[in-house]
Amino acid sequence: MASADKPINTDVPEKDVFALHFLQSLSNLRRQNTFDSPEKTNDRVKKIKKAAYVSMARAAGGTNRLWSRALLRRAAKENNKVVRFPRRKKRVTCLRRRSNRRDPVEEEEAERLRNLVPGGGGMGTSKLMEETAHYIKCLSMQVKVMQCLVDGLAPK
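About the cut-offs
Residues numbered from 1 in each chain as written. Predicted model: local features only at pLDDT ≥ 70, side-chain atom pairs only at ≥ 80, totals over all residues. Heavy atoms only, no water. Salt bridge = Lys/Arg side-chain N within 4 Å of Asp/Glu carboxyl O. Helix = DSSP H or I, 4+ residues; strand = E, 2+ residues; numbered from the N terminus. Buried < 20%, exposed > 50% of the residue type's maximum accessible area, 1.4 Å probe, protein only. Contact = heavy atoms within 4.5 Å. Core = buried A, V, L, I, M, F, W, Y, C linked by side-chain atoms within 4.5 Å. Axes fitted to C-alpha atoms, helices over the stretch in contact; angles between N-to-C directions. Left-handed = near helix turned anticlockwise from the far one by under 90°. Expected span 1.5 Å × (residues − 1). Arc of directions from axis to C-beta.

Draft legend 1. Expanded view of the pattern of salt bridges. Scanning the entire structure with this criterion turns up seven salt bridges. Salt-bridge contacts for Arg112 lead to Glu109; the nearest nitrogen and oxygen are separated by 3.4 Å. Taken together, the positions of Arg112 and Glu109, both in helix α4 (residues 104–116) and three residues apart, correspond to about one turn of that helix. A relative accessible area of 48% means that Arg112 is categorised as partly exposed. Lys127 is paired through a salt bridge with Glu131; the nearest N and O atoms lie 3.4 Å apart. Here Glu131 and Lys127 lie together in helix α5 (residues 125–153), a separation of four residues that amounts to about one turn. What emerges from the salt-bridge pattern is a single network uniting Arg65, Lys127, Glu130 and Glu131.

This is the structure:
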């Protein structure tokens, strides 16, 4: 859990930053490929989805969050690029042995959450909760921006 001295930082990036990155990515996609044929619709959907996730990760500070690093690394891997992020200093903490074991139901739920959050596989429970909160806020922001784009582009 977070201590009272250090509040958990779950700030959401600016919608403007995400919108700018996303619109730039869409513009690049439009210039690179023509998706006129119906067979290429699935390819277009995948590329737009990838642009949305990469834009969200970049707007969240790029490498500041584990989930954003995982998304950026996955996107680079799909493009056959090798991405190296600077190593982060690991905190050394003393682990106390608990006399009582964790509830298996809680561990099962945490494992499900680790599978949902990008990069969640190696996180401890408290870090997982912090990253999940930030990831959900960013996803919410992403949906709002996309809804604004759809509303703005829809015929009236």
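From this point, the discussion proceeds with the structure in view.
Draft legend 2. Inspection of the side chain of Gln142 at higher detail. Inspection of the secondary structure puts Gln142 in helix α5. For Gln142, the residues in contact, after removing those within four places along its chain, are Phe18, Ala52, Tyr53 and Met56.

Draft legend 3. Fine view of the nonpolar core. Formed by 24 residues in total, the largest nonpolar core has its most connected members in Phe18, Met56, Trp67, Leu71, Val117 and Tyr135. Elements with a contribution of two residues or more to this core: α1 (15–32), α2 (41–59), α3 (66–78), α4 and α5. Setting aside residues up to four positions removed in sequence, Leu71 forms contacts with Tyr53, Met56, Ala57, Pro118 and Tyr135.

Draft legend 4. Quick look at the packing of α1 against α2. In contact at an axis separation of 8 Å, α1 and α2 are set at 145° when each is read in the N-to-C sense. Taken as a pair, α1 and α2 cross one another with a handedness that is right-handed. Across the interface between the two elements, Val17, Phe18, His21, Phe22, Ser25, Leu26 and Leu29 of α1 pack against Lys47, Ile48, Ala51, Ala52, Ser55, Met56, Arg58 and Ala59 of α2.

Draft legend 5. Inspection of α1 at higher detail. Taking 1.5 Å of rise per residue, the 18 residues of α1 would be expected to cover 26 Å, and the 26 Å separating its terminal C-alpha atoms lies within 8% of that figure. Within the span of α1, buried status applies to Phe18, Ala19, His21, Phe22, Ser25 and Leu29. One side of α1 carries all its buried residues, which in axial view fall inside an arc of 165°. Across from the buried face of α1, at angles greater than 90 degrees, the exposed residues are Asp16, Arg30 and Arg31. In this structure, the buried residues of α1 make contact with α2 and α5.

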